[in-house]
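# Working through the structure, step by step
Here's the letter readout for the chains.
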Amino acid sequence: MANKSYKARQVRRAIFERTFGIAILAMLSFWLIVNLIKAPSQFAEVTLIGLSNGVLYALIALGYTLVYGIIELINFAHGDLFMLGGLFSAHFIALWFHQTKSSPMGWLVFFLALISVMVFCAGVNVFIERFAYRRLRRAPKLAPLITAVGVSFMIQFVGLRWNGSGQKTWNSVLPHGSVMLGSVKLPYTTLISFAVTIPILIALTFIVTKTRQGKAMRATAQDQDASRLMGINVNGTIAFTFALGGALAGVAGLLFQQTRGLTSYNLGYQLGLIAFTSAVLGGIGNLQGAVLGAILIGLIQGLNDGLPIGLGQQWSQTVVFSILILLMVFKPAGLLGKQVTEKV
Amino acid sequence: MSSILNAENITVEFGGLVAVNDVSFDIPEKGIVSLIGPNGAGKTTFFNILTGLYKPTSGHVMYDGQEITALVPHKIAAAGVARTFQNIRLFGSMTAEENVMVAMHSHLKASLATTILGLPSQRREERAAHEEARALLEFVGIGKTAGEFARNLSYGDQRRLEVARALALRPKVLLLDEPTAGMNPQESSVFVDFVHRIRDEKGISILLIEHDMAVVMKVSERITVLDRGEKIAEGSPAEIKANPRVIEAYLGKGVGAGH
Amino acid sequence: MAISFLKRGEKKQKQSASARKWAVSLTLVALAIWAFFTYLFDKTPDAVQSWFQVWLPPSTINESLVWVICALGLNIVVGYAGLLDLGFVAFWAFGGYTAGWFMSGFFHQVNIHFGSMSAKVIPGIHLSFWLVMIIAALIAGFFGIIIGAPTLRLKSDYLALVTLGFGEIIPQVFTNGENIGGFNLSNGTKGISPIDAIGVFGKRLGPFDLGWKFLIYFFLAACMVFVSLRIRGGRLGRAWLAIREDELAASMMGVPLMRTKLTAYAVGAFSGGIGGAVYATHVNGIFAERFNFSISIILLAMVVLGGMGNVWGVIIGALLMAWINATGLPAIGDTFNNTFHTAINFPSYNFLLFGGILVLMMLFKRDGILPEARLKMISHENDDEAANTGGH
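Residues numbered from 1 in each chain as written. Chains lettered and ligands numbered in written order. Predicted model: local features only at pLDDT ≥ 70, side-chain atom pairs only at ≥ 80, totals over all residues.

## A closer look at the overall build of chain A
For chain A, the helix and strand inventory stands at 12 helices and 4 strands. Its C-alpha atoms give chain A a radius of gyration of 21 Å, within 12% of the compact-globule value 20 Å for 344 residues. Considered along the principal axes of its C-alpha atoms, chain A spans approximately 75 × 55 × 40 Å. Residues counted as buried form 49% of the 344 residues belonging to chain A. Considering only residue pairs separated by 6 or more positions, chain A has 77% of its internal contacts joining residues 24 or more positions apart. (Helix = DSSP H or I, 4+ residues; strand = E, 2+ residues; numbered from the N terminus. Rg over C-alpha atoms; globule rule 2.2 N^0.38 Å. Buried ≥ 20, exposed ≤ 12 C-beta atoms within 10 Å, placed from the backbone. Contact = placed C-beta atoms within 7 Å.)

## Notes on the overall build of chain C
Along its length, chain C carries 15 helices and 5 strands. Burial status across chain C gives 51% buried among its 392 residues. Restricting to contacts in chain C with at least 6 residues of sequence separation, those with at least 24 account for 75%.

## Overview of the packing of helix α6 (residues 188–210) of chain A against helix α9 (residues 234–260) of chain A
Residue and element names in this part refer to chain A. As a packed pair, α6 and α9 sit with axes 10 Å apart at the nearest point and diverge in direction by 170 degrees. Taken together, α6 and α9 sit at an angle that is classed as roughly antiparallel. Here Thr189, Ser193, Val196 and Ile200 of α6 lie close against α9, whose contacting residues are Val251, Leu255 and Thr259. Residues belonging to the contact of α6 with α9 are distributed by class as follows: 4 nonpolar, 3 polar and no charged. (Axes fitted to C-alpha atoms, helices over the stretch in contact; angles between N-to-C directions. Parallel < 35°, antiparallel > 145°, perpendicular 65-115°, else oblique. Nonpolar A, V, L, I, M, F, W, Y, C, P; charged D, E, K, R; others polar.)

## Describing the interface of chain C and chain B
Interfaces are often sized by the accessible area lost when the parts come together. Contacts between the two partners involve 31 residues from chain C and, on the opposite side, 36 residues from chain B. Sorting the residues of the side of chain C that touches chain B by element identifies α1 (2–40), α7 (210–232), α8 (235–245), α9 (247–252), α10 (257–283) and α14 (373–380) of chain C as the ones contributing at least two each. For the side of chain C that touches chain B, the leading source of residues is α8 of chain C, giving 7 residues. A class-by-class count of the residues in the side of chain C that touches chain B yields 17 nonpolar, 5 polar and 9 charged.

## Here's the deal with the sheet that holds strand β1 (residues 3–14) of chain B
Residues and elements named next belong to chain B. Here we have 4 strands laid out as an open sheet, ordered β2-β1-β4-β5, and antiparallel in their pairing. Among the strands making up the open sheet, the edge pair consists of β2 (17–28) and β5 (66–67). Each of β1, β2 and β4 (58–63) touches helix α1 (residues 43–50); the most contacted strand, β1, lies at about 120 degrees to it. (Pairing = 2+ DSSP bridges.)

## Focus: the interface of chain C and chain A
Residue-level contacts link 40 residues of chain C with 41 residues of chain A. Only α5 (129–151), α6 (156–175), α11 (293–306), α13 (350–364) and α15 (386–389) of chain C provide two or more residues apiece to the side of chain C that touches chain A. With 11 residues, the top contributor of residues to the side of chain C that touches chain A is α6 of chain C. In terms of residue class, the side of chain C that touches chain A is built from 22 nonpolar, 14 polar and 4 charged.

## What to know about the packing of helix α2 (residues 40–71) of chain A against helix α3 (residues 78–96) of chain A
All names here are of chain A. Remark: α2 packs on α3, axes separated minimally by 10 Å, with the N-to-C direction vectors making an angle of 140 degrees. Here α2 is positioned oblique relative to α3, judged by the angle of their axes. Relative to α3, α2 is oriented so that their crossing is right-handed. Contacts between α2 and α3 involve Ile60, Gly63 and Tyr64 from the first element and His78, Gly79 and Phe82 from the second. Taken together, the residues that form the contact of α2 with α3 break down as 3 nonpolar, 3 polar and no charged. (Left-handed = near helix turned anticlockwise from the far one by under 90°.)

## Regarding the sheet that holds strand β8 (residues 205–209) of chain B
All names here are of chain B. Sheet architecture is open: 6 strands sit in the order β6-β7-β8-β3-β9-β10, paired in mixed fashion. Because the sheet does not close on itself, it has two edges, and the strands there are β6 (81–83) and β10 (230–235). Strand-to-strand twist across the sheet, computed as the mean angle between neighbouring axes with direction ignored, equals 20 degrees. Alignment of β6 against strand β7 (residues 173–177), held across 3 bridges, turns out to be parallel. Counterpart to valine 81 in the pairing with β7 is valine 173. In the packing of helix α10 (residues 244–251) onto the sheet, contacts are made with β9 (222–227) and β10, and the angle to β10 comes to roughly 130 degrees.

## Looking at the nonpolar core
One finds Ile60 and Val251 of chain A together with Ile69, Ala71, Ala301 and Met302 of chain C to be the most contacted residues of the largest nonpolar core, which totals 308 residues. If you tally residues by element for this core, the top one is α2 of chain A, at 16 residues. Two domains share this core, each providing at least three of its residues, namely domain 1 (1–80 + 171–259) and domain 2 (90–168) of chain B. (Core = buried A, V, L, I, M, F, W, Y, C linked by C-beta atoms within 7 Å. Domains from an automatic or database assignment.)

## Observations regarding unusual backbone geometry
Residue and element names in this part refer to chain C. Residue serine 193 is joined to proline 194 through a cis peptide bond whose omega torsion reads -5 degrees. Tracing the backbone shows proline 194 in the loop between α6 and β4 (198–200). A positive phi angle, near 60 degrees, is found at asparagine 284, a position not held by glycine. Within the fold, asparagine 284 resides in the loop between α10 and α11.

## Concerning the pairing of β4 of chain B
Residues and elements named next belong to chain B. Where β1 meets β4, 5 bridges bridge the pair, whose relative direction is antiparallel. When the bridges of β4 are listed, leucine 5 appears paired with tyrosine 63. In this sheet, β5 lies alongside β4 in antiparallel orientation, the contact comprising 2 bridges. The residue bridging tyrosine 63 from the neighbouring strand is glutamine 66, located in β5.

## Quick word on the confidence of the model for chain C
Detail in the predicted coordinates should be disregarded across regions flagged by low pLDDT. Residue and element names in this part refer to chain C. Of all residues in chain C, 90% attain a pLDDT of 70 or more, and the chain-wide mean is 82. In this model, residues 1–5 is a region of pLDDT below 50 whose contacts with residues beyond four sequence positions or in other chains number 5 contacts. Considering only residues more than four positions removed or in separate chains, one finds that residues 383–392, a stretch of pLDDT under 50, has 16 contacts. Our summary of model confidence lists the complex with pTM equal to 0.85 and ipTM equal to 0.90. (pLDDT = per-residue confidence, 0-100.)

## A few points about the environment of aspartate 80 of chain A
All names here are of chain A. Looking at the secondary structure, you find aspartate 80 in helix α3. Under the C-beta neighbour-count criterion, aspartate 80 is labelled buried, with 28 such atoms within 10 Å. Note: C-alpha distance between aspartate 80 and valine 151 (71 residues apart in sequence) is 9.1 Å. Excluding residues within four positions of it along the chain, aspartate 80 makes contact with Ser152, Ile155, Gln156, Gly268, Tyr269 and Gly272.

Written as structure tokens, this is what we have:
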């Protein structure tokens with residue numbers, strides 16, 4: 001009977017997906033092993049680069065996933081906020097406080113910058129939400145999406161004015177040099193990225209799971225109207241979420257600027273989409289998923305760009321976006337996400 | 001009497017929640033039947049199974065001799081199972097006439113090419129479709145609003161438009177989801193006559209989900225009662241009215257004489 | 001009943017009369033422009049000529065028409081069917097490279113001539129412009145179907161991202177296309193140039209025959225308008241509008257979602273292909289770095305500005321924005337700077353302009369500058385009072 005055939009179709013589909021997934025994993029593993037055998041220390045270094053990128057992507061991806069979780073909006077402009085954070089940090093550290101090399105004063109300014117950029121980006125994000133997105137909360141889906149694209153362009157304009165149309169390089173206050181693990185170089189900057197990011201992630205987890213605001217966020221994400229009826233200040237909660245996301249993007253911006261020494265007006269667009277792919281890979285709306293997805297994407301990208309057998313950097317975007325497209329077509333819930341069906 | 005729509009042993013599970021538990025139900029040909037039950041009983045879920053929006057975890061649905069359980073909603077609609085919605089879902093930015101014409105999509109034959117070229121066959125088909133739409137609007141009593149945007153119609157007219165649109169599918173079965181919500185007794189009474197008219201003049205079988213007991217009793221030839229996903233009673237209005245399980249489901253235990 | 005039929009007939013007549021009015025007046029304007037630029041322009045005094053060169057150069061007019069063709073294509077996808085496509089530039093690229101492959105000396109290994117204006121001795125594939133346009137449309141349409149088939153069932157935000165992804169991947173493929181497995185697909189960053197002349201009624205239109213090309217581009221744009229309006233008045237147009245508004249209700253009324261969305265996407269892709277081929281003949285070449293995300297956004301801004309779904313509004317929006325981007329900003333900038341002795345780089349403000357248009361239109365005039373009456377209602381029915389009452 002047709003119901004059996006529907007079931008059968010579902011089972012066949014599941015088997016197909018599982019086989020496809022295993023096939024991809026097998027191919028990936030094969031590729032990795034070949035490269036590992038061919039050039040082990042290059043492999044290790046590239047892995048470290050990938051991880052350090054992944055950690056940055058995680059900070060940005062969290063912003064995407066927090067906002068999507070609470071108002072189901074892909075905040076197109078989020079990546080550009082990261083870029084803005086980088087610009088702010090560069091100016092703060094190098095121009096306003098004149099710190100261009102590693103020193104105790106440099107460290108102090110670095111920490112000041114960390115706090116300031118978080119406040120700055122949080123503020124900008126809250127401002128954007130208040131004036132560009134809030135009115136459109138119940139508008140047809142197209143409207144806030146289009147607005148977000150517009151905001152992205154406007155932020156890029158700010159980047160253009162502030163930083164020019166090309167790339168700018170900066171001296172960092174972080175120590176140069178690296179630690180040697182066997183024959184593998186582990187740069188200090190990578191260590192510092194981890195040292196800054198991990199506590200922040202822990203703090204974020206704490207905020208979301210243990211505080212009242214966190215609970216309010218989770219409730220609002222589930223059902224805005226019910227939360228409002230329960231007395232939750234929905235507007236404030238959403239603003240808080242944007243502030244959190246903004247702060248995270250700001251930290252990522254600071255870290256990127258200090259560890260890579262670059263700023264450019266269109267960094268946000270490029271890296272933003274990669275970070276978004278990470279959020280989707282992990283399961284949009286899921287915080288651990290965002291981090292997991294980001295690490296994976298960072299690794300894949302780093303390996304693709306840096307390994308002897310790989311497509312190379314000029315295909316980087318294609319690789320990442322192909323992953324995004326495949327994910328959305330075959331597994332939109334991502335690795336850790338949940339499937340939700342619309343109720344009529 | 002044979003049945004036009006036959007649902008056998010339908011079970012629907014959402015994750016761990018059993019929304020519908022082994023319910024069998026049929027709509028007799030040219031019959032008018034109702035599905036009632038307290039909130040959360042699973043009525044709308046069941047409706048959605050019949051129209052193909054959800055797939056049951058087990059069980060099947062037969063329509064006019066063919067199995068439709070696994071079909072996609074638009075095919076089921078095209079086959080002749082039409083519905084209206086609890087919260088009106090009209091295409092507000094289109095006129096009443098266009099709303100009705102949307103439902104004719106599946107029997108119109110114009111292709112991209114014939115539409116662009118404006119071939120006589122396409123023009124003829126369009127004219128006929130316009131006429132059929134207008135006729136349906138007249139049938140439900142809102143002929144004058146044909147050119148108005150659906151969003152601008154009064155609530156009562158919108159409800160009628162939903163029915164007209166559903167009828168444009170040339171259905172054999174019409175599923176009405178709480179059609180009298182928001183109506184006063186006068187309007188409900190008019191509605192009951194309207195339901196009879198649809199069945200008598202167009203030969204369409206009708207299933208209603210309803211909360212208004214007066215309407216249910218007046219219009220139904222048979223009533224099925226769901227409670228917490230299970231069928232707890234089925235029979236004529238008189239039988240259902242007197243059924244203690246039904247009373248209990250609606251009013252709760254021990255309420256009979258107390259209040 | 002008879003009375004209501006009359007009323008409907010009247011209304012339909014009024015609608016087609018209005019459409020006819022627009023069509024006739026636009027055609028007259030177009031003919032006037034063509035006549036002016038082809039025959040009279042060189043005879044006008046120098047002052048007039050230089051004014052035009054600064055404020056309304058023929059090349060900008062032609063370029064604007066190319067944008068109109070593509071914007072009308074995007075209008076079908078976004079405006080009618082409500083599918084947010086952020087990667088339209090991919091189809092533009094396909095169209096352009098088709099012109100590059102079949103109207104130039106790129107494939108110098110062979111020598112195929114068919115209906116072309118180029119001398120038979122020149123190597124490469126040289127087909128008639130009209131044939132190439134059809135091929136470009138078919139290739140772009142083909143890829144539209146390939147991209148759309150697995151992805152159009154996604155929610156609008158996911159669909160936007162996926163189309164964006166394609167809008168990034170395809171141009172990157174062409175940019176790196178000099179060596180794909182040993183095969184030269186696109187000449188990479190060098191691009192393909194020159195493109196053959198267009199042949200029409202025996203006339204040979206090269207890169208400088210702007211007046212005649214204007215007429216051709218206008219004709220193509222007019223075809224787009226005609227096709228858009230015809231489809232919208234029929235069952236497919238109604239199905240699209242229904243899907244845009246409430247896709248679930250549409251499917252329950254018998255509208256097959258995937259097929260219908262795919263048709264919209266394919267028609268949009270077709271137009272993108274045509275636009276791309278035409279653009280290649282306008283710029284006399286095809287260069288990979290021109291294809292970037294901002295093109296998709298500019299097109300979106302045109303559709304948004306004009307009022308999604310409103311063909312006439314989109315035309316005005318497209319003409320306006322194309323003009324501002326190509327000529328308006330520099331010209332206004334120079335005038336401003338000369339008057340006030342400033343040195344502001346006006347063209348660099350285009351990001352602000354396009355972004356600002358998108359944001360402001362969505363916030364304040366979601367129905368566009370020429371609101372299609374229907375869209376006006378749907379955009380505002382849920383305007384967020386909650387924003388002011390939500391929370392405390």
